[in-house]
Each structure stands twice: as C-alpha cells, then as structure tokens.
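Take a look at the letters that make up each chain.
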Amino acid sequence: MRALIDQGVDKVFGYPGGQIMPVYDSLYDYSDKIQHYLARHEQGAIHAAEGFARASGKTGVVIATSGPGAMNLITGLNDALMDSTPVVAITGQVPSTLLGKDAFQESDVVSVTLPVTKWSILVRTPEEIAPAVAKAFYIANSGRPGPVVIDIAKDAQVGMAEYRHSSCNFIRSYDPKPEIDESAIQAAADMLNAAERPMILSGHGVTIAGAGSELIELAEKADIPVACTMLGLSSIPTAHPLNKGMLGMHGNLGPNINTNKADVILAVGMRFDDRVTGDTGKYAPGAKIIHIDIDSSEFDKTVGSDLHIHADAKEALGRIAALVNQTKHEAWVESFARHEKVETERVKKQELFPDNEDGKMHMGEVVNKVSEAFGHDAVLVTDVGQNQMFSVRYFSFSSPRSCISSGGLGTMGFGLPASIGAKIAVPERDVVLFVGDGGLQMTIEELGMIMEYNVGVKIILLNNNYLGNVRQWQELFFNSRYSATPMKNPDFVALANAYGIAGENVEHRDALGEAIERMKAHKGVYLLNVNIEEMGMIFPMTPGGHGVDEILLNSTEYYKPV
C-alpha cells in the first residue's frame, strides 16, 4: 500500500480472493488514502482500470487473486497492450514453496501474461515488493504505455521487511524517450514544404503524448488536412476546419479517398492497422510517408515509410511546426468537401434525418442527438460493434481524451466497465456510454459497481435484438444466413431498476428528444433503452481485403468519385 501511495495511486479496482487476502487486509488500514472499487468480475475491474487510465492519462490499477482471478484479467491486459493503455495489475500467487505443484488456484501467471504485457514479474520475497511496484509504474506509463503484471507469492505478502521508498527512472536497454534525430525533423519539414497534397494522419499516440496543440499548430501553419484513426478522434476538435474526419473501414469518404491521392502523408502515433489501410498493396501508392512513433517496432511493420522519426509525438510535431512554411493548399483542402457532400447526401441524411413513417430509430440519429444535448463536450465511451461505429462517426468532440473505445482488440463488454472507470477518473465531466444489447450482457454485472458507488454514467443502449455487426457481414457476405445473431433480450430497464438505476424505454422517434433531456437532467446514472431498427446497416464501408478507396455507399453500390 505504501509503495502504491508513493506512486500517487488513490483509486484501485479489484476483486479479493484467497491468495491476495493479505494485500486486501492491508488495504483496510489505508482506506483513507486509497479508494477501492469492488467490481463484480475481474474482467470488469481491468476494463474499469483501462477507462480510468484513458480518461485521466494516469496509470490504472487492478488487483485480483491467483488462478481464475488472474486469468480473468487476460482479455483486459491484451486490450490494454493493443491500445497502449497504462495499467498495473497486481495478482496474488500461491506460496513460493508450492509453485509448480498444482496447488489450489495456482496458475503460471507470468508465463501466461508475458505475450500480452510490457513486463511481468513474480515477486517471491517482501523485499522485492517496493522496487517491483516502482519499476512497474515506470514501465507502464513511459514510452509507449501498456500493461504490467506484478504477481506476488503469498509468503512475500505476509513476510516482514523494512520499507524503503523505491523510485525507478532508468532501466538498462529500455529507452522510453529516444533522442530526436534533428536531421529527420528537417527532412520531414522539407518534405511537407515541397508537398502539393499533404495529409496528416492523427492516431491515439497524439492523445497519449498530449500533442493536440502541436498537431493543430502544424496543420494550421502549413494548411494540412487532418484525418484521425478511431482512437485519435478527439486529438483535434471535430469542428476544426482542417479536421476531415475518420479513417478506415467505416470512416469518412474524403480521408479514405484522398489517402490514395496524397503526395506526402505524415502519420503520427498510429500503427497502420488493417482496418485503416485495407489492402496494403493498394494503400497510398503516390505518397511519400513520414511515420512518427515512440515505438520503433511499428516502423515498416505494415506499411513502408520513406522517413521514420523515433520520437515523442509532442516533441516531434512541435519541432516540425517550427520549420514548415506558412502556406496554403486551398484546392487540396477543398477536394475533401466534394466527397463530404456526397457522403452527406447519400449516407448521413438518411441516417441522421430518416423519413421512415414507422418511427423506428437509426443509431446515427440517436448518437447525434445525444452529442448535441451534451454540447459536443462529453466523454464518449463505446462498446464494440455497430454501436461503436455509429458512435464514433456521429459523436462530436471538443476536448482531448474524449473518445474511449476498444480499438485493436475489439473487446465486446469493454464499454460498461470502461465508462465506470472514466467517470471515476473525471467526475466533473459528463460520460456517455453507447452500448449494444450483445456487449452490455457480457459485463452487465458491473451495474452492481455503478449501484454501490453511485457512478453517474449516462448509458444509451442501442437495442436491435441482434449482434448487429456480425449480422451485417452475414447479410453482405454470407447470403443473409443469420447464424446465431438474433437475440432474445431481457427487460433491460427492469434489470437496471433492480440495481437501483433509473431508466426508460424509447420506442418511437417522437419520444427520443424528451427522453434524452430527462436522462441529461437526472442526477446520477441513467439507462436509456432505445429500440433501434433491427436490420440497420453501417455505411460507408470498405470491405475487408479491398483498397481503402474501394468504398460501399450501400449494400450494392461502390462510390465512384468524379
């Protein structure tokens, strides 16, 4: 507990058990300094720690017992690794004398977690605890952030040792903040100055580095349009004139089409995920690519770069901004508007302002109205699936650290516990969760954590009685054979009420606006169960294996830009 307090920890998430009981016993004595949030499942605890970390920039902490408790953290550890989220997981382990003997609730935690963490360690003696904690926090939230596991044997927990404050700011062979190559900075500026059609791709790393102001400074000075990965969406305000929207499979037409028309691409803090690039053989064929990343292993891993800069995004962008020319690319910037107009006419109008007489609601219109009701300045948390794609397309952002979603791993069930952690991290901000009926039921037990700690999340359940994203793929690519995707759902509002959570059902468009206002005005948590059209589809869409500019506007028609 003292080692955690020395790291500035005052909030942890977890679930007790036999082999971690001595830690929880000590936690009892430090309850005035460390608030513990009891999850209802270890997976919920680690997703809450992720949400806390993503909203605050601090390191999330989760505590679990040995065996099944530790194993239930694996999905969250993998999720945190892929989305560069700093989390320290503290797990109990059987006494060191019983290691390898299949003792009750023994698992080889270090071996299991090594592939999904930045670092894992087994602590066998009490003297190792404080140094291990200091090292874990240094590794978790330096360089490219990620998860770390400290597995503590039972005898180390109950043993006696003199406490000595331990700090860590150096590990041999670990270089979390590389020295910038000034010649590479100058080369990047020269490439951008010579470009006629430059483009910036802003990834999650821009948010992690707190580099939003440097990104905007560079974009404005050199008049460069910016497109964002899903997790990079709040790195620049949605309303900024140079923000051209989202990249990727369900991204906006302009950024995806113009990726293949750009002559210089500056990619910052992003890893060229397959959902962003599509067929890499057809990706950005005419562009020279500059790649800035804190993690050198990302260079040339998926897409080859002409210049890579191994650096902190904030520092690199600031230095490049100082060297680029004040210029204008009016025709190039305007070219995005032509694609935006088509997307508005062919996709957005039908989604945001549907004219169907039955009054059945579309996901997009619900997201848009909620965003408007909260002044486009709430923290958006999503689950995974159609609810996720509609949310990131139609929610607007004004502040950084406002888009929290499971990106790389695509973890259904992430949304509810992550929203709890986010609200605990930033209680002064509105936190809005969009979740589907499938994902909600994967971690619905965490309504208990909301109930116990009165966490004021606004939950919008986009309920279509299907596993909607899988159903869409079945319709498009599997001859509408809806195998195991229809769902018979419970009364979600009654379930919420059983946890003492207020809520209501919204069946018709005419009732939506007033229901959103009631949710917003309600003090504390509120569940809005919005019954959505069952067979809704999310477009535009670049099918898997296609080029990034091969985009479906609907189920049968590919976009043919003039």
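Residues numbered from 1 in each chain as written. Predicted model: local features only at pLDDT ≥ 70, side-chain atom pairs only at ≥ 80, totals over all residues. Heavy atoms only, no water.

## A closer look at the sheet that holds strand β13 (residues 379-382)
Then, number 1: The strand order β14-β13-β15-β16-β18-β17 describes an open sheet built from six strands, whose pairing is parallel. What marks the edges here is a single partner per strand, and that holds for β14 (403-404) and β17 (502-506).
Then, number 2: When strand β16 (residues 458-463) meets strand β18 (residues 526-531), the two strands line up parallel, connected through six bridges. Residue pairing for β18: Asn463 is matched across the bridge by Asn531.
Then, number 3: Sitting on the sheet, helix α23 (residues 512-521) touches β16, β17 and β18, and the angle it makes with β18 is about 165°. (Pairing = 2+ DSSP bridges. Helix = DSSP H or I, 4+ residues; strand = E, 2+ residues; numbered from the N terminus. Contact = heavy atoms within 4.5 Å. Axes fitted to C-alpha atoms, helices over the stretch in contact; angles between N-to-C directions.)

## Thoughts on the pairing of strand β6 (residues 147-153)
Then, number 1: Most of β6 sits inside the fold, with seven of its seven residues counted as buried.
Then, number 2: Because side chains alternate across β6, one face comprises the buried residues Pro147, Val149, Asp151 and Ala153, and the other comprises Val148, Ile150 and Ile152, equally buried.
Then, number 3: Examined bridge by bridge, strand β4 (residues 87-93) and β6 share seven bridges and lie parallel to one another. Residue pairing for β6: Val87 is matched across the bridge by Pro147.
Then, number 4: Bridging between strand β5 (residues 119-123) and β6 involves five bridges; their strand directions are parallel. What sits directly across from Leu122, in β6, is Asp151.
Then, number 5: Tracing the backbone out of β5, into helix α7 (residues 129-140) and back to the parallel element β6 gives a crossover that is right-handed. (Buried < 20%, exposed > 50% of the residue type's maximum accessible area, 1.4 Å probe, protein only. Right-handed = clockwise from strand over helix to strand, strands pointing away.)

## Digging into the side chain of Lys458
Then, number 1: Relative to the elements of secondary structure, Lys458 occurs in strand β16.
Then, number 2: Buried within the structure, Lys458 lacks any salt-bridge partner; its nearest side chain of opposite charge belongs to Asp430, at an N-O separation of 6.4 Å.
Then, number 3: Within the local environment of Lys458, its side chain forms a polar contact with the backbone oxygen of His522, the two atoms lying 2.6 Å apart.
Then, number 4: Dropping the residues within four chain positions of it, Lys458 is found in contact with Phe374, Val431, Val432, Leu433, Met519, Lys520, His522, Gly524 and Tyr526. (Lys, Arg positive; Asp, Glu negative; His and termini not counted. Salt bridge = Lys/Arg side-chain N within 4 Å of Asp/Glu carboxyl O. Polar contact = N/O pair within 3.5 Å; in protein donor to acceptor, adjacent residues only side chain to side chain.)

## Quick word on the domain arrangement of the protein chain
Then, number 1: Along its sequence, the protein chain is organised into domain 1 (2-158), domain 2 (182-335) and domain 3 (355-531).
Then, number 2: One C-alpha centre belongs to domain 2, the other to domain 3; they are set 31 Å apart.
Then, number 3: At the interface, 14 residues of domain 2 touch 18 residues of domain 3.
Then, number 4: By the criterion of area lost to domain 3, the three top residues of domain 2 are Met230, Ser234 and His250, representing 41% of everything that side buries.
Then, number 5: Linking domain 2 with domain 3 are zero salt bridges. (Domains from an automatic or database assignment. Buried area = accessible area lost by both parts, 1.4 Å probe.)

## Details of α23
Then, number 1: Listed as buried for α23 are Leu512, Ala515, Ile516 and Met519. All buried residues of α23 lie within an arc of 100° about the axis, which places them on one face of the element. For α23, the exposed residues set more than 90 degrees away from the buried face come down to Glu514 and Ala521.
Then, number 2: In the core, the buried residues of α23 are packed alongside α16 (363-373), β16, β17 and β18. (Arc of directions from axis to C-beta.)

## Some thoughts on the sheet that holds β6
Then, number 1: The strand order β2-β1-β3-β4-β6-β5 describes an open sheet built from six strands, whose pairing is parallel. With one partner strand each, in any of the chains shown, β2 (35-38) and β5 form the two edges of the open sheet. For this sheet, the mean inter-axis angle between neighbouring strands, taken without regard to orientation, is 20°.
Then, number 2: The sheet contact formed by strand β1 (residues 11-14) and β2 spans four bridges and is parallel. Among the inter-strand pairings, Lys11 is bridged to a residue of β2, identified as Gln35.
Then, number 3: Along the sheet face, helix α3 (residues 42-56) touches β1, β3 (60-64) and β4 and points at about 165° away from the line of β3.

## Remarks on the packing of aromatic side chains
Two descriptors summarise a pair of aromatic rings, namely the distance from one centre to the other and the angle between the planes of the rings.
Then, number 1: The final tally for this structure, using the stated rule, is 11 aromatic pairs.
Then, number 2: Pairing Tyr466 with Tyr482 gives two aromatic rings, centres 6.2 Å apart and planes at 70°, and the pair type is edge-to-face. Placement of Tyr466 in the loop between β16 and α21 (468-477) and of Tyr482 in the loop between α21 and α22 (492-498) is noted, with a sequence separation of 16 residues between them.
Then, number 3: On the accessibility criterion, Tyr466 (13% relative accessible area) is buried. (Phe/Tyr/Trp six-rings, centres within 6.5 Å; stacked < 30°, edge-to-face > 60°.)

## Details of the packing of helix α15 (residues 330-352) against helix α17 (residues 386-394)
The description of two helices packed together rests on the angle between their axes and the distance between the axes.
Then, number 1: The interhelical angle for the contact between α15 and α17, taken along N-to-C directions, is 115°, at an axis separation of 13 Å. When the axis of α15 is compared with that of α17, the two are roughly perpendicular. Here α15 runs over α17; the crossing is left-handed. For the pair α15 and α17, the contacting residues are Glu343, Val347, Lys348, Glu351 and Leu352 in the first and Phe390, Arg393 and Tyr394 in the second.
Then, number 2: Class assignment for the residues of the contact of α15 with α17 results in four nonpolar, no polar and four charged. (Parallel < 35°, antiparallel > 145°, perpendicular 65-115°, else oblique. Left-handed = near helix turned anticlockwise from the far one by under 90°. Nonpolar A, V, L, I, M, F, W, Y, C, P; charged D, E, K, R; others polar.)

## A few points about the pattern of salt bridges
Then, number 1: Under the defined criterion, the tally for this structure stands at 22 salt bridges.
Then, number 2: One salt bridge in this structure joins Glu298 and Lys301, with 3.1 Å as the shortest N-O distance.
Then, number 3: As a salt-bridge pair, Glu365 and Arg509 come within 2.7 Å of each other at their nearest N and O atoms. Of this pair, Glu365 sits in helix α16 while Arg509 is found in the loop between β17 and α23, placing the two residues 144 residues apart along the sequence.
Then, number 4: The class for Glu365 is buried, based on a relative accessible area of 1%.

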